[in-house]
Structure formats: structure tokens, C-alpha cells
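# Per-entry structural report
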Amino acid sequence: MMLPFNLEPLSDSRYFISNLAGFHRVVARETLELLAEQGDGVLDAGIKQDLARGLFLADSSAGEEAGVAALASGYARRLTRDLAFRPTFMIVPTLRCDHTCRYCQVSRAALGAAHSDYDLDARRIPQVIDLIARLGTAPYKLEIQGGEPLVRFDLVQAIYDEAEARLGATDFEVVITTSLSLLDDTILDWARGRRVVFSTSVDGTEVVHNRNRILPGDNAYQRVKRGIRAIQRQLGPDRVAAVTTVTKDLLAHPEALIEASQELGLTELFVRPVSPYGFAQKSGTGTYSFDDYMAFYDRLLSLIIAHEAAGGQLLSEYSGKIHLQRVFQPDFNGYADLKSPSGFLLDCVLINYDGKVFGSDEARMLQRVNPELDLSCGTVDHFDPAANPVYHKILKESLNAVHPGCEQCAYQPFCGTDPCQGISEQGEPVGDKSRSAFCQYHKRMFSYLIDRYYRDPEARSVMESWCHA
Amino acid sequence: MREAIRQDVFAVPEANLVPAGCWVLRKTLPTTPDTWLNTLLVTGNGTDASSSNAGDICTIHSPELFDSIEDGDVGLVNGRGSVRVILSRRANHNTVLVTERCDNRCLFCSQPPKDRNDDELLMQAAAAIISFAGNDVIGVSGGEPLLYGDAFLRFLEIVQTHAPETGLHVLSNGRAFADRYFARAVAERLESPVVFGIPLYAALAEVHDTLVGAAGAHADTVRGLINAGNAGIPIELRIIPTQKNLQELVPLLELALRCFSGLQQVSVMNLEPTGWARANWGQLYCDPSLYADQLTSMVRQAEAAGLPIALFNYPLCHLPDTLHPWAVQSISDWKNYYPDTCSGCTMRPECGGFFSSSQGQFHQSPRIIS
Ligand code: SF4
Ligand code: SF4
Ligand code: SF4
Ligand code: SF4
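These lines cover the structure that appears in this document, whether it is placed above or below.

About the criteria used
- Residues numbered from 1 in each chain as written.
- Chains lettered and ligands numbered in written order.
- Predicted model: local features only at pLDDT ≥ 70, side-chain atom pairs only at ≥ 80, totals over all residues.
- Heavy atoms only, no water.
- Near = heavy atom within 4 Å.
- Nonpolar A, V, L, I, M, F, W, Y, C, P; charged D, E, K, R; others polar.
- Contact = heavy atoms within 4.5 Å.
- Buried area = accessible area lost by both parts, 1.4 Å probe.
- Polar contact = N/O pair within 3.5 Å; in protein donor to acceptor, adjacent residues only side chain to side chain.
- Helix = DSSP H or I, 4+ residues; strand = E, 2+ residues; numbered from the N terminus.
- Pairing = 2+ DSSP bridges.
- Axes fitted to C-alpha atoms, helices over the stretch in contact; angles between N-to-C directions.
- Buried < 20%, exposed > 50% of the residue type's maximum accessible area, 1.4 Å probe, protein only.
- Core = buried A, V, L, I, M, F, W, Y, C linked by side-chain atoms within 4.5 Å.
- Phe/Tyr/Trp six-rings, centres within 6.5 Å; stacked < 30°, edge-to-face > 60°.
- Lys NZ or Arg CZ within 6 Å of the ring centre and 35° of its normal.
- Disulfide = S-S within 2.5 Å.
- Salt bridge = Lys/Arg side-chain N within 4 Å of Asp/Glu carboxyl O.

## Thoughts on the site of ligand 2
Taken together, the neighbourhood of ligand 2 is formed by G405, C406, C409, Q412, C415, C439 and K443 of chain A. The residue makeup of the shell around ligand 2, split by class, is 4 nonpolar, 2 polar and 1 charged.

## Let's talk about the interface of chain B and chain A
Of the residues lining the interface, 23 residues belong to chain B; the matching set on chain A comes to 23 residues. Considering only the side of chain B, the residues that lose the most area to chain A are L204, R223 and R258 of chain B, jointly responsible for 31% of the buried surface there. The interface formed by chain B and chain A contains 10 residue pairs in polar contact (both at pLDDT 80 or more). Contributions of two or more residues to the side of chain B that touches chain A are made by α5 (205-212), α6 (217-231), α7 (249-259) and α10 (292-304) of chain B. Here the side of chain B that touches chain A takes 6 residues from α7 of chain B, the largest share from any one element. Split by residue class, the side of chain B that touches chain A holds 13 nonpolar, 4 polar and 6 charged.

## Quick look at the site of ligand 1
Around ligand 1 there are 8 residues in total, and C97, C101, C104, R108 and R213 of chain A lie nearest to it. Residue composition of the shell around ligand 1, by class: 4 nonpolar, 2 polar and 2 charged.

## Considerations on the sheet that holds strand β1 (residues 6-9) of chain A
All names here are of chain A. Overall, antiparallel pairing links the 3 strands, which are arranged β1-β2-β3 in an open sheet. Looking at which strands have only one partner, the edges of the open sheet turn out to be β1 and β3 (24-28). Adjacent strand axes in the sheet meet at a mean angle of 30 degrees when their direction is disregarded. One ladder, built from 4 bridges, connects β1 with strand β2 (residues 14-18); its direction is antiparallel. Across the sheet, residue E8 finds its bridge partner in β2, namely F16.

## What to know about the side chain of T31 of chain A
Residues and elements named next belong to chain A. Mapped onto the elements, T31 comes out in helix α1 (residues 29-38). Among the residues examined, T31 registers a relative accessible area of 8% and is labelled buried. With residues near it in sequence (within four places) discarded, T31 still touches L43 and I47.

## Quick word on unusual backbone geometry
At the junction of G146 of chain A and G147 of chain A, the peptide bond is cis and its omega measures out at 10 degrees in the coordinates. With respect to the secondary-structure elements, G147 of chain A resides in the loop between β7 (140-144) and α6 (153-167). Non-glycine residue D12 of chain A carries a positive phi angle of around 55 degrees. Along the chain, the position of D12 of chain A falls in the loop between β1 and β2. Despite not being glycine, A133 of chain B shows a phi value in the positive range, around 50 degrees. Along the polypeptide, A133 of chain B turns up in the loop between α2 (120-132) and β9 (137-141).

## Remarks on the nonpolar core
Counting 118 residues, the largest nonpolar core has F155, L168, F177, F196 and F260 of chain B as the members making the most contacts within it. If one sorts the elements of this core by residue count, α2 of chain B sits on top with 9 residues. When sequence neighbours within four positions are dropped, the list of residues in contact with F196 of chain B reads L146, F152, V170, S172, F177, V186, I233, P234, I235 and E236 of chain B. Ranked by size, the runner-up nonpolar core spans 67 residues in total, among them I125, L150, I231 and L235 of chain A.

## Remarks on the packing of aromatic side chains
Under the definition given, this model contains 27 aromatic pairs over all chains. Judged by centre distance (4.5 Å) and plane angle (35 degrees), the rings of F328 of chain A and Y453 of chain A are tilted. Here F328 of chain A is found in helix α13 (residues 318-328), whereas its partner Y453 of chain A is found in helix α17 (residues 437-455), with 125 residues between them in sequence. Under the relative-accessibility criterion, Y453 of chain A is labelled buried at 7%. Site record: aromatic cluster; members linked through ring pairs are Y288, F290, Y293, F296 and Y441 of chain A. Directly above the ring of F132 of chain B sits R89 of chain B, whose terminal nitrogen or CZ lies 4.2 Å from the centroid. Note that R258 of chain B overlies the ring of F23 of chain A, its terminal NZ or CZ placed 5.7 Å from the centroid.

## Quick notes on helix α14 (residues 361-369) of chain A
Residue and element names in this part refer to chain A. Among the 9 residues in α14, 7 count as buried, and that is most of the element. What α14 keeps buried is the set D361, E362, A363, R364, M365, L366 and Q367. Contacts from the buried residues of α14 go to β4 (88-91), β14 (348-351), β15 (357-358) and α16 (419-426).

## A few points about helix α4 (residues 180-188) of chain B
Residue and element names in this part refer to chain B. The set of residues buried in α4 consists of F182, A183, A185, V186 and A187. Contacts from the buried residues of α4 go to α3 (150-162), β11 (194-199) and α6. Its side-chain oxygen placed 2.9 Å from the backbone nitrogen of Y181, D179 serves as the N-cap of α4.

## Observations concerning the pairing of β2 of chain A
Working note: regular strand, side chains alternate between the two faces of the sheet. All names here are of chain A. Where burial is concerned, most of β2 is hidden: 5 out of the 5 residues are buried. Going residue by residue along β2, you find R14, F16 and S18 tucked away on one face and Y15 and I17 tucked away on the opposite face as well. Sheet topology places β2 next to β3; 5 bridges connect them, and they run antiparallel. Paired with R14 across the strands is A28, a residue of β3.

## Topic: the state of the cysteines
Residues and elements named next belong to chain A. In this structure the tally under the stated criterion is 0 disulfides over all chains. With no disulfide of its own, C420 lies 9.5 Å from the sulfur of C348, the closest cysteine sulfur. By relative accessible area, C420 is classed as buried at 2%.

## A word on the sheet that holds β4 of chain A
All names here are of chain A. Spatial ordering of the open sheet is given by β12-β10-β9-β8-β7-β4-β14-β15, a layout of 8 strands whose pairing is mixed. Looking along the sheet, the strands with just one partner apiece sit at the ends: β12 (271-273) and β15. Of the strands in this sheet, β9 (196-201) and β10 (240-246) touch helix α9 (residues 220-234), which is tilted by about 155 degrees from β9.

## Remarks on the pattern of salt bridges
Within the structure shown, the criterion is met by 42 salt bridges over all chains. Of the charged contacts, one joins D189 of chain A and R192 of chain A as a salt bridge, the two residues approaching to 2.9 Å between their closest N and O atoms. Taken together, the residues D189 of chain A and R192 of chain A, both in helix α7 (residues 185-192) and 3 residues apart, mark about one turn of the helix. Classification of D189 of chain A as partly exposed rests on a relative accessible area of 45%. Here R192 of chain A falls in the partly exposed class, since its relative accessible area comes to 37%. Between R101 of chain B and D119 of chain B there is a salt bridge, with its nearest N and O atoms 2.6 Å apart. With R101 of chain B in the loop between β8 (94-97) and α2 and D119 of chain B in the loop between β8 and α2, this pair connects stretches of sequence that are 18 residues apart.

Given below as C-alpha cells:
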């Protein structure tokens, strides 16, 4: 007897099938055809057993009843887990920035703009930490964003001190998202004994990086290189991580990324396509198709494999890793984008420089480009998501199992939703998946990774080491 | 049987004068009598050697027994001249047997089921647990304890009311929890820490049903595990690798991680050569080296999901080094021993050793670790 499942084609007429509990198999097209036309009785015994172990088939009516109960229970487990409120608290001390990146994702303000317009009022910091203490539980995760937060290092310090006093000295961790251009010995000394890690951007080798990440009057790449090196040397290699926004300039040169990571001593890559938020689209730079992006990703993975085979250190790629973990690791939901319900508000509470609070980083970007909407969930002294009908709508509609398109997609148990991207692209959170950048990107990533995992043993062992590191 | 570390059965010839049943064992006469069990005063060397049999309090003389018990331990007198210490303050683990009946017929059952009515055992066990009044966990085993249905609910109520400090670990095949209402009724009665140890041997129904000798058992136990977990009953999932379910180990763990709630721990247990396992040893026992990869993968998966996993009853030299951190020294002290060849082994303090029942064809020798 067949139990319900979804299917998506891979290459070579194989199919990826999955069910509500999150089991998956890769099967030949003829197996599915036999199953559909003649039932499971005609299947090879080994295939039949393999499918039964994953709750795709049941051998009796009692087995069917138990199988359905197990599918329902597995789905309930996923839902309950993804519903948990465990936010990262993002704080934006300033929107001002010394860079003028071409694809700026967050929207920025000029360095010389008025502090009163774009900086957090220091007197608000106790309220900020108070909100965090009320909403969160230890260990608290704080992420300081910008603009360029180190423009107001004084605020970063004040936030840390307040957190230390209110949240408990060892009960929180701070990630500072920064271009590192302003990193100096004072900041390094300060960070040394504190629970601080730096997250920065590296978009390729010097030429590629500097073409997009522009530091007027200076060399952005040399700055970030010096910063990364200094942190690695003085604080340790695990205190800095880098993300890469794949621009059109990098697209044809994945090897530039391997080169840059070698030069910078980084072993974990985190590559992402240019985000559709902020001013990236409006400025008209870096537009390319997802097919181009996947061709880039394919070459990058092959380079990683070759690099390791040639005796180099294993490089991991975080985007690939989280897609794989969603598929292979029951209970993994550590990434706000790949969750259903989405990570909106459940995984993120963002406190903006002006005291407004948002349910995600994307929501504040969306707010910047749509000033006529209210996408906030209150202010730091009056947090109230229930008061904004937009929040109600977003949360209610962020379950992919009932989204048209996702409903029948085999990646649904592992995928997620991004309601803000839906609003940004299509004016509402659900949207038409065939036109959704979120869907195009994630569907390609899932099918690419799974296809390669099951087809290419070398790639598989590299992917396994990503997941088990 | 080989000599185990702690002996639990004592031949006391005059005990045949003592009525069979559970007795609280005293070394001195208590001022207030026990309300749950009759008192058996045990005398040792240097004390009055006379035995007596007077109503609620009997006396027997046995220096050997006297030296092996603590005041207030519970003994089972068989009426044929022996006393078995069933609840001992010196033991690392105590278990009471509440029935020998079972709706499974596992090929490796250590307590092969009997169909006779033994209802009296349940309340006797309750009395023993309450009289013992320990604050450790006591194992409740069978047979299948949940066959008692509503009587088991009363057992839980009584034990938890009168021995609130005592935790229980109930070994059950979980089939009774296929009835969601029963699972809820049990969950509602859990006050002190109670964990249910429930075995599932395969993701595939046919493999589990073969191992437990009962058609339909897999469907019941799977639904039982789901219902119990969803009702909030804490569960220890028990897996015994055999030749028949090696292919099942990894998929079974995936099933557990994806579909079951309420799991406190996964316990993988090396086959124990007792009961029917001795008769079926040749077709069941599997050398751990043949499934070390599966164990490694299970440990990895469980750890990634944050579910504790432990490997029980494995001599350390039968496992690859990488799995040693998950092996626990677990064999109850009354059935554990170390052969002579272990004497020079540096891992002995951490090693569980062997079952004292393993000998001859059942014994797997210690291995030299290079
Ligand atoms: S992307 Fe970051 S570093 Fe670049 S301009 Fe925007 S805020 Fe500044
Ligand atoms: S967004 Fe696309 S890939 Fe993700 S579940 Fe929906 S249809 Fe599938
Ligand atoms: S379920 Fe337990 S008591 Fe019943 S046959 Fe199996 S091992 Fe024996
Ligand atoms: S030699 Fe004996 S003590 Fe040492 S690991 Fe083996 S079984 Fe354990």
C-alpha cells in the first residue's frame, strides 16, 4: 500500500521523493511508474523494503494505520520545533557606513549624515537589553548590524556592558557584522576577553571585491584582509567568519573565491546570491539568472573537491551545508530562511537605530524602501506584534505546507518561506512560487545538492564532512 | 553460572519454614512493624542462632545473608529453602517482576513468558517497593506489565502515593499504548520520575514481528511509542542488534528521531545470553565488529539531534575506540563478571565486562587492543 508522498525530478530520470515526516529517497522513474500503474506488489523486494522503512509503503492495513500515525507525528514534531520562539536579537546602532557598496543590502546612510537621524540614542540601550531579557532565554544570541556598527564602537561597547550586567556574563554571545575597515587595536583589545565574534564580507579576490565593495579613498579588500588576519592572529581563527555575496563579477570566477579564502586563511565559505532587498535591484547591478548562479555553484563545489583531493584543507560551504542538514538531519532548524513557519519574528527580533522593532532583517529593509507601510512590531519600549495586522497575516501565512506550489513539492519538509521576500516581489507573503526568487533559488539548491550527493561519491564525502564538522 | 560480583540468592535451609513471598529483611527488630510486608529477622554470627516462625515476624539464622544485606532490604522467599534479595540497598540497580505473561514471544526473551495467572505479583511488587522506600529508581519488569491495564494504573497510584521518593523504570513492549486513552491515563498518573523502556527492533514491520514472535506487534509498538510520547510519557527506546535487524538499525533511529516525541535516551544493548537467547544464540548473536559502522552512524545522528544515546553491555574491547565514550558500564552487578584475561586490561575500570551467563558457546573472548 502506498502512503502519501511528493516527488521532484532529478537528472537521469531519477526522482527525489519525500513525505510529511521528512523521510526521503531517490528512486528511478520506472519504480514510480510501476508503483502508480501496478502497485507495490510488483516491486523488487529490496526496493520495497527500502521504501517501507521510509514510510512510503505499508505492508498491511495495521501497518498503514501505524504509518499514517507516524507521518502525522513526524509532521507535528517538525511544526512544533519550527514554531518555537528562539530569536536572535539584532541591534542596529547606526545606519551610517564608510562603504558605498554597489549592491548595498541593508541600505545605508552617509558617514557624515546627522547622528540624530541615523544613530541609536545611547540612552535607549538599557531598554534594548531589557526587551531582550524579557523576550529571550539564555544563551542569548545578539547580532550587531549596520550600516557599519564600528562607526559607533562606543555604542557597541555600551550594548555589551549592559548585556553583561543584565543577561549574565556568560549567558550571551555577540556577533558583530562589519566590513572590518575600522577595526583597530583598541577594538581588538576590547574584544579579546569578551564573547564577541566578527562576521564580515569577502566577495572574492581584490579586483572582484573592490569592484562592488567600495571604500571611498581606500582599498576595501586590503582593509578586510588586514582585519581578518589581525583577528585570527590576536583572537583566534574561530572569532571571524566571512559571507560572500555572489556578484556578476564573481560569477565567472569561482576560483577567485578559493584563492581569496586561501589568502585570508578562511576554511568556511558562505556564498549567497545577491539579495533582492534594499537597493541591490534598483541600482541595476549584479542581476543574473539562477541558472547562472547554479552553474557558478557547481563549479565552486568541483573546485572545493579538487582542492581537497590535491591535499588542500577541506573548505566547507555554509549555504550548501544548511540545505543538506535540513534534508539529512532530523530536527535541524538552525537557519531562519529554511523553516516553516518561517523564521520571521520566531527567529529574529531586530531593534533598529530609531527604536523600532522588526521581525526580521528583511522587514526593516522592506520598511526602508516602502516608507508608506508599517512593518514594525512596535518600539523598544512598546513591543507589540499583535497590534500590527501585517504581523498576524505574515505569521498565519508562513506555513509552506499550505502554500500553492509548495503543497506538492518534495522539498517542502526541508524548505521554508520568506514572507518579506514575497511582499517585496509580489506584494503579499505567499505569492506565486513559479515567480518567486526564494523558490527558484532553494529548489535549485536542493535538487542540485541531492542530485550530486547521490550521483557523485567524491562530492558526497565532501558534503558529509560539511555536515559532520 | 560463573561467580558474579554481587550474589543475590542465598540457600537458607530453615527458610523452608518461612511462608513463600516477599519479606522485609531486618537485622534488628524494628520498634514499629512494617505496614506493607511481613518482617523476616536475619541473624548472623555472634547473635542468637535460633530460628522462629511467629506470625508476622519470622527469624532465620544465616551469617552469609546477614553480611550481604542492609536493614530494610526486601527478600523473596521461595518456600524451598532459598532467599533471593530482590531489593538491595547495596545493588547498583533493583528490579521487581510484576508478571510473567506477555503478548510477545521475543526470540531472545530473558524471562520467557508463561501463561499462568500471576496477578498477585503486581500488588506484591507495590508492597515491596513501598516497604523498601528507596530514593533510587526501581525497575519494573515482566513479562509485559501493561497487560494489567487498569490494575497497572492503580499500581502506579499506590506506589507514587506511598513511595514518592522512588522513581520507576518500567520495561514494556509498548503495545498497550496503541490505545491512546490508556497512554493518556498512564501519563496523568506520573508524578515521581517514571520512565518507560520500550524496545523497537526495526523500521520494517516484518523484521520486528519476527524478532518478537508476534504478528502486528510492530504496528502496535510504533503507535504505542507515538501515543506515549505525545501524551508526555518519558521513554527510553531500546534496541538490540541481532543478525536479523542489522539493516534496520540506522533507519530505525531515523524513524525514532523523526516521528517519536518524549524520547529521553536511545539504548543500544548487546544481546544477553539468558532465557531464549541461549537457545537462539546461533541465529541471533552478531559480533559488534559487523555493525560498528551502523553504531557509529547512529551515534552521530542521535548526537546531532541532541538525543542521548548509550551502548550497553559491550565489553570495550569489542567496540572501536571511537565508540568508547558512548559505552556504559551497565551490566547489573549480580550478573556481571570479568574473565581472567581481563586482569591486565587498563580499561577495566570503565568496562562493563561480560554477563556471568556467558560461557562456552555464548562467550566472546576479550580482544587484544593493539
Ligand atoms: S553593504 Fe554594508 S558595508 Fe556596504 S554600504 Fe551597505 S552597509 Fe555599508
Ligand atoms: S518554495 Fe519552492 S522549493 Fe520550497 S517548498 Fe515551495 S515549491 Fe518547493
Ligand atoms: S516483550 Fe519482553 S517479556 Fe515479552 S517476550 Fe519480549 S522480551 Fe519477553
Ligand atoms: S579485556 Fe576485559 S576489561 Fe578489558 S575491555 Fe575487554 S572485557 Fe573490558
